[in-house]
Amino acid sequence: MTTSRRKFIKISGLGLGGVFASTSALNLFGNNSPLTEKTVQKITKNLKKTATYCEVCFWKCAAWAHSDEQGNIQKIIGNETDPHCYGRLCPRGTGGVGMYSDEDRLKTPLIRTTIDGEETFREASWDEALDLIASKFKDIKEKHGAESFALLKHGSPGKHLEHLFKAYGSDTIAEPAYAQCRGAREAGFNATFGSWVGSPEPTDIRDTKCLVLIGSHIGENMHNSQVQEMSDAIDNNATIITVDPRLSTAASKSQYWLAIKPATDIALMLAWMHVIIKEDLYDKNYVKRYTTGFDELKEHVQNFTPEWAYGITTIKPEEIIKTAREMAHAAPAVIIHPGRHVSWYGDDTQRARAMAILNGLLGSWGRRGGFYFKEKISVPKYPHPKYPHPKWDWTDVGEKFPLAQMGITTEVIKCAIPSKDNKYPVKAMMVAGTNITKSIPDKKLLEEAIDELEFMVVLDTMPMDVTGYADVVLPECTYLERYDGIRSATNRTPSIAVRIPAVKPKYDSKPGWWVAKQIGERIGLGDFFKYDDYKEVIEWQLEKMGTSLEEMEKIGVKHYPRKSGPMYLVEGEHHEFPTDSGKIELYSKELKNLGFDAMPLYTKHPEPPQGFYRLNYGRSPMHTFSRTANNPNLNALKSENNLWVNPKVARIIGLKTGQSVWLRNQDKITSTFSIKVRVTERIRWDSVYMVHGFGHDNKKLSRAFGKGINDTQMVTKTMVDPIMGGTGMRGNFVEIITEDPHKTEVI
Ligand SMILES: Nc1nc2c(c(=O)[nH]1)N[C@H]1C(S)=C(S)[C@@H](COP(=O)(O)OP(=O)(O)OC[C@H]3O[C@@H](n4cnc5c(=O)[nH]c(N)nc54)[C@H](O)[C@@H]3O)O[C@H]1N2
Ligand SMILES: Nc1nc2c(c(=O)[nH]1)N[C@H]1C(S)=C(S)[C@@H](COP(=O)(O)OP(=O)(O)OC[C@H]3O[C@@H](n4cnc5c(=O)[nH]c(N)nc54)[C@H](O)[C@@H]3O)O[C@H]1N2
Ligand code: SF4
Ligand SMILES: [Mo]
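Residues numbered from 1 in each chain as written. Chains lettered and ligands numbered in written order. Predicted model: local features only at pLDDT ≥ 70, side-chain atom pairs only at ≥ 80, totals over all residues. Heavy atoms only, no water.

Colleague: With reference to specific residues and values, describe a positive patch on the surface.
Modeller: Side chains of Lys60, Lys159, Lys376 and Lys381 sit close together on the surface and give a patch of like positive charge. With respect to the helices and strands, the residue Lys159 is situated in helix α6 (residues 155-168). Residue Lys159 is classed as exposed on the basis of its relative accessible area of 56%. (Patch = residues over 30% accessible without salt bridge, like charges linked within 9 Å, V, L, I, M, F, W, Y side chains within 5 Å. Areas by Shrake-Rupley, 256 points an atom, 1.4 Å probe, with all protein chains shown as cover. Salt bridge = Lys/Arg side-chain N within 4 Å of Asp/Glu carboxyl O. Lys, Arg positive; Asp, Glu negative; His and termini not counted. Charge placed at Lys NZ, Arg CZ, Asp CG, Glu CD. Helix = DSSP H or I, 4+ residues; strand = E, 2+ residues; numbered from the N terminus. Buried < 20%, exposed > 50% of the residue type's maximum accessible area, 1.4 Å probe, protein only.)

Here it is in structure tokens:
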């Protein structure tokens with residue numbers, strides 16, 4: 001196997017054999033018809049109902065997959081009793097069947113090979129691919145130690161492989177859903193309340209009187225029950241305050257849209273604290289009983305007046321004062337929402353701290369309409385031998401970042417680049433359920449690291465960009481075709497959900513658990529996988545949890561009573577918060593002792609140079625990151641992203657809606673593809689905006705290839721959070737190019 005200069009292979013160059021099984025969903029939905037549940041509900045047939053939970057995003061809504069006698073999946077409908085979806089799937093979940101029916105799916109294992117000096121893939125049997133992978137696992141362990149084999153993962157397949165890696169002796173594990181997503185929020189809230197926010201967020205939106213969204217764009221961010229509860233809250237006349245430089249869907253439903261200058265949110269929040277304290281609007285009993293550091297905070301925010309914040313944020317002092325009063329008026333039924341994708345400007349833990357402190361001042365943590373005390377039920381561990389103790393792991397890799405609580409993807413990736421200071425050499429990598437070429441910033445660094453690897457294996461369902469870098473590609477079957485771990489998530493009350501295969505795996509694809517077991521057995525770790533089918537694991541666990549697979553097949557979701565106590569603080573009762581002081585820490589001694597600011601401070605961030613605009617990005621309600629771009633059902637609803645441009649900018653450059661443009665960033669990186677302009681007042685003049693997840697560069701994705709721009713390609717500069725290692729990605733500036741920069745002159 002070639003290990004030098006790993007070239008990106010476009011799987012398109014191949015005849016990927018395999019029988020095209022008939023797909024029903026496509027015919028049902030037609031190409032352009034909207035996927036409303038109503039349309040879907042009309043189909044009445046003798047359908048088999050199988051309990052599952054959705055994997056189109058990580059909200060994990062419990063659902064029923066309906067399949068016909070021929071084994072075709074006809075529709076997927078939300079489970080009525082599920083607290084993640086309340087019986088309704090979002091458009092992505094309803095269209096999830098497209099993941100199964102997509103004819104571009106990976107169909108067989110592939111092995112990198114060289115033919116006539118050209119690197120390409122050839123089809124391989126599972127035995128050949130797994131034997132090769134097993135030999136690499138042994139080889140890496142012998143030569144470098146098991147720790148040098150890293151796992152980058154996301155979602156259900158990641159869990160199975162995590163077990164394999166830990167059994168093998170490697171805990172060099174990370175996922176972009178931490179350092180590129182919500183890590184900073186967890187660090188900031190943990191430093192304040194002693195616990196993570198977690199997923200689903202314990203926001204009591206249905207009973208709130210005031211919801212404050214700071215960049216969080218619920219409505220485009222389609223996390224299901226949150227969206228439904230927000231819609232109910234709006235019907236119940238809750239006040240919505242949205243802070244966003246863009247008129248998001250949420251902003252358009254809000255009483256207050258604060259069109260903040262990007263990167264200045266901490267200044268706004270400090271001014272809010274100033275007003276709340278100065279006007280005596282904070283919850284005095286709560287602050288006295290449950291918090292520590294109020295005096296220091298009062299002193300700290302003394303000079304952060306609304307007038308001061310106006311100069312930074314461009315939000316008028318009277319608006320700052322009015323919104324602060326609105327929040328206090330609703331308190332404690334108020335939520336300063338922690339957001340989710342928070343890796344923005346590198347001071348993200350401190351921004352999350354500011355949000356947490358505001359919730360503390362207003363007394364909303366542990367209060368109805370604020371944040372409830374979440375609870376989940378633990379799933380018993382299926383017996384296996386003890387994991388060996390690795391010599392080093394993700395904590396060592398991220399040692400520069402004292403409050404990192406999970407592996408930092410970018411740090412693990414850097415470890416693949418040899419240098420004399422690199423104490424933790426990564427020599428091989430497995431990538432499972434994460435499209436790192438789209439989710440990790442700084443492509444140059446990523447490619448440099450991948451180049452150095454001795455071996456790389458990717459487990460995916462689709463020929464995504466990342467597969468082009470692998471030595472071996474393994475086709476996983478979709479969530480509709482496999483068992484996976486029991487879903488047990490934090491909620492108001494504990495509940496579990498199961499995922500049972502609705503149909504047989506298509507083509508030669510296999511479940512992640514099977515792949516982990518096969519590799520494990522080949523490298524002498526059979527004792528860690530003592531089952532023939534993952535079904536046995538679930539059956540064993542369910543029995544221990546007082547139910548059975550038979551029962552779960554019928555109900556899909558099972559509820560358990562709370563055991564940890566009431567959902568909200570009990571008036572007048574003592575409560576110990578899981579922080580060092582047992583109190584909510586408005587002033588953080590922990591951060592101070594680590595050499596960081598004990599209370600958040602505003603720092604100025606770089607601004608776009610002349611002719612450049614800040615690149616802002618977000619979500620589309622019809623898509624999840626890059627994973628759904630090729631999904632036939634969802635692609636029919638939205639096939640490319642657009643570039644939102646303010647009319648003022650459009651006038652200066654001479655742009656029209658629908659016109660194709662290219663982008664070039666501050667580091668002279670030019671977008672491979674073009675994007676169509678959308679001229680709109682909904683974005684500030686200093687930024688441009690696009691939905692993340694488009695601009696795929698693998699031709700094998702027949703619908704998604706070349707459609708729109710990949711925002712990640714433009715993110716070459718990151719602002720790293722010194723507290724937890726998150727990579728702030730909103731400090732990239734782009735210029736708009738109207739002539740095709742890739743056009744070669746024809747003579
Ligand atoms: N520029 C930029 N970067 C970002 C973001 C952004 O908005 N902009 N968002 C960040 C955030 S919030 C997050 S959480 C991360 C997410 O980043 P990723 O974890 O990389 O998310 P996806 O794009 O969903 O990639 C998932 C991959 O899993 C594959 N897949 C889907 N289902 C299955 C399955 O059942 N089994 C297997 N084996 N594979 C499957 C898909 O085909 C795809 O290749 O990205 C972060 N990075
Ligand atoms: N449909 C759909 N829903 C999803 C996902 C998906 O892929 N598709 N992914 C899920 C995941 S993993 C995550 S992490 C979440 C992410 O979703 P959220 O946490 O809700 O949002 P972000 O992506 O962080 O923020 C996007 C918003 O921030 C605004 N913004 C940009 N810069 C600034 C600024 O400086 N200040 C302020 N105040 N606002 C700013 C943007 O205009 C945009 O409206 O969405 C989840 N929900
Ligand atoms: S929110 Fe939508 S995509 Fe995410 S799990 Fe639920 S139904 Fe699936
Ligand atoms: Mo995320």
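Colleague: I'd like to hear about the pairing of strand β3 (residues 73-78), residue by residue, with values.
Modeller: Most of β3 is tucked away: 6 of the 6 residues are buried. In terms of strand pairing, strand β2 (residues 62-67) meets β3 through 5 bridges, oriented antiparallel. Pairing of Ala63 across the sheet is with Gly78, part of β3. Here β2 folds back onto β3, and the loop between the two strands holds 5 residues, one of which, Gly71, carries a positive phi near 85°. (Pairing = 2+ DSSP bridges.)

Colleague: Could you give me a rundown of the sheet that holds strand β1 (residues 48-53), with the residues and numbers involved?
Modeller: Whenever strands of a sheet pair, they do so through backbone hydrogen bonds, lying parallel or antiparallel. An order of β1-β2-β3 is seen for the 3 strands of this open sheet, with the pairing classed as antiparallel. Of all strands in the sheet, those bounded by a partner on one side alone are β1 and β3. Strand-to-strand twist of the sheet, defined as the mean angle between neighbouring strand axes without regard to direction, takes the value 25°. (Axes fitted to C-alpha atoms, helices over the stretch in contact; angles between N-to-C directions.)

Colleague: Outline the domain arrangement of the protein chain, listing residues and values.
Modeller: Along its sequence, the protein chain is organised into domain 1 (182-373 + 579-593) and domain 2 (613-737). When each unit is reduced to the centre of its C-alpha atoms, the spacing between domain 1 and domain 2 is 28 Å. The partner domain 2 presents 25 residues to the 29 residues of domain 1 that form the contact. Interface area, domain 1 with domain 2, both sides summed: about 2000 Å², of which 57% is carbon and sulfur. For the pair domain 1 and domain 2, the number of links is 0 salt bridges. Taken together, the elements giving at least two residues each to the side of domain 1 that touches domain 2 come down to α7 (176-193) and α15 (348-362). (Domains from an automatic or database assignment. Contact = heavy atoms within 4.5 Å. Buried area = accessible area lost by both parts, 1.4 Å probe.)

Colleague: Tell me what's going on with the confidence of the model for the protein chain, and back it up with residues and numbers.
Modeller: Should pLDDT be low for a region, the predicted coordinates there are not to be read in detail. Looking at the protein chain, pLDDT values average 93 and 94% of them are 70 or higher. Scored below 50 in pLDDT, residues 1-5 makes 15 contacts in the model with residues more than four places away or belonging to other chains. (pLDDT = per-residue confidence, 0-100.)

Colleague: Could you give an account of the pattern of salt bridges, with specific residues and numbers?
Modeller: Scanning the model with the defined rule gives 41 salt bridges in all. Across the salt bridge formed by Asp139 and Lys143, the nearest N and O atoms sit 3.6 Å from each other. Of the two residues, Asp139 and Lys143 both sit in helix α5 (residues 126-144), 4 residues apart, roughly one turn of that helix. A residue is classified by how much of its surface remains accessible, and Asp139, at 28% relative accessible area, is partly exposed. Between Arg684 and Asp686 there is a salt bridge, with the nearest N and O atoms lying 2.9 Å from each other. Arg684 gets classed as buried once you look at its relative accessible area, which sits at 13%.

Colleague: Give a description of helix α10 (residues 265-278) that names residues and reports values.
Modeller: Its 14 residues place the ends of α10 20 Å apart at the C-alpha level, agreeing with the 20 Å of an ideal helix rising 1.5 Å per residue. Summarising burial for α10: 13 of the 14 residues are buried, a large majority. (Expected span 1.5 Å × (residues − 1).)

Colleague: Now, about unusual backbone geometry: what can you tell me, with residues and values included?
Modeller: A negative phi holds for most residues other than glycine; trans holds for most peptide bonds. For the bond running from Ser199 to Pro200, omega is -10°, close enough to zero to count as cis. Within the fold, Pro200 resides in the loop between α7 and β8 (210-214). The peptide bond linking Ala331 to Pro332 adopts the cis configuration, its omega dihedral lying at 5°. Examined against the element boundaries, Pro332 turns out to sit in the loop between α14 (317-330) and β12 (334-336). Located in the positive-phi region is Tyr86, a residue other than glycine, with phi close to 45°. The residue Tyr86 is located in the loop between β3 and α3 (91-94) in this model. Relative accessible area serves as the criterion here: at 30%, Tyr86 is assigned to the partly exposed category. In this structure, Tyr507 is a non-glycine residue whose phi angle is positive, near 50°. Within the element layout of this structure, Tyr507 appears in the loop between β17 (495-497) and α20 (512-522).

Colleague: Could you give an account of the site of ligand 1, with specific residues and numbers?
Modeller: Of all residues adjacent to ligand 1, which total 29 residues, the nearest are His154, Ser439, Asp460, Glu476 and Arg627. Here a nitrogen atom of ligand 1 sits 3.2 Å away from a polar atom, N or O, in the main chain of Leu459. Within the side chain of Asp460, a nitrogen or oxygen atom sits 2.6 Å from an oxygen atom of ligand 1. For the shell around ligand 1, the secondary structure elements donating two or more residues are α7, α18 (436-439) and β14 (455-460). Looking at which element gives the most residues to the shell around ligand 1, the answer is α7, with 4 residues. (Near = heavy atom within 4 Å. Polar contact = N/O pair within 3.5 Å; in protein donor to acceptor, adjacent residues only side chain to side chain.)

Colleague: Tell me about the side chain of Thr628, residues and numbers included.
Modeller: Among the secondary structure elements, Thr628 is positioned in the loop between β20 (613-618) and α24 (632-637). Take Thr628: its relative accessible area is 1%, and that puts it in the buried class. Polar contacts involving the side chain of Thr628 include one to the main-chain amide nitrogen of Thr624, which spans 2.9 Å. In contact with Thr628, other than residues within four places in its own chain, are Val56, Met622, His623 and Leu634.

Colleague: Tell me about the packing of α10 against α15, and please be specific about residues and values.
Modeller: Relative to each other, α10 and α15 sit at 20°, their axes nearing to 9 Å. As summarised for this structure, α10 and α15 are arranged roughly parallel, according to the angle between their axes. Relative to α15, α10 is oriented so that their crossing is left-handed. From α10, Asp265, Ile266, Met269, Trp272, Met273, Ile276 and Ile277 reach across to α15, where they touch Gln350, Arg351, Ala354, Met355, Ile357, Leu358, Leu361 and Leu362. Of the residues contributing to the contact of α10 with α15, the split by class is 12 nonpolar, 1 polar and 2 charged. (Parallel < 35°, antiparallel > 145°, perpendicular 65-115°, else oblique. Left-handed = near helix turned anticlockwise from the far one by under 90°. Nonpolar A, V, L, I, M, F, W, Y, C, P; charged D, E, K, R; others polar.)

Colleague: Hey, could you go over the site of ligand 3 for me, with residue numbers and the actual values?
Modeller: Close contacts around ligand 3 come from Cys54, Val56, Cys57, Trp59, Lys60, Cys61, Leu89, Cys90, Arg92, Gly93, Met222 and Asn224, and that covers them all. Residues of the shell around ligand 3, tallied by class, amount to 8 nonpolar, 2 polar and 2 charged.

Colleague: Quick one: what's the story with the sheet that holds strand β9 (residues 239-243), residue by residue and with numbers?
Modeller: The strand order across the open sheet formed by 4 strands is β10-β9-β8-β12, and the pairing between neighbours is parallel. Each edge of the open sheet carries a strand with a single partner, namely β10 (256-258) and β12. Averaged over all pairs of adjacent strands, the angle between strand axes in this sheet comes to 10°, irrespective of strand direction. Bridging between β9 and β10 involves 3 bridges; their strand directions are parallel. Bridging from a neighbouring strand, Thr242 pairs with Trp257 of β10.

Colleague: Describe the packing of aromatic side chains, naming the residues involved and giving the relevant values.
Modeller: Applying the stated rule across the entire model yields 29 aromatic pairs. Look at Phe189 and Phe371: their rings are 6.4 Å apart centre to centre, the planes differ by 45°, and that puts the pair in the tilted class. Of this pair, Phe189 sits in helix α7 while Phe371 is found in the loop between α15 and α16 (394-397), placing the two residues 182 residues apart along the sequence. The interplanar angle of 65° and the centroid separation of 5.1 Å between the aromatic rings of Tyr286 and Tyr290 together place this pair among those described as edge-to-face. Linking Tyr286 with Tyr290, this pair stays in helix α11 (residues 284-290), spanning 4 residues, or about one helical turn. (Phe/Tyr/Trp six-rings, centres within 6.5 Å; stacked < 30°, edge-to-face > 60°.)

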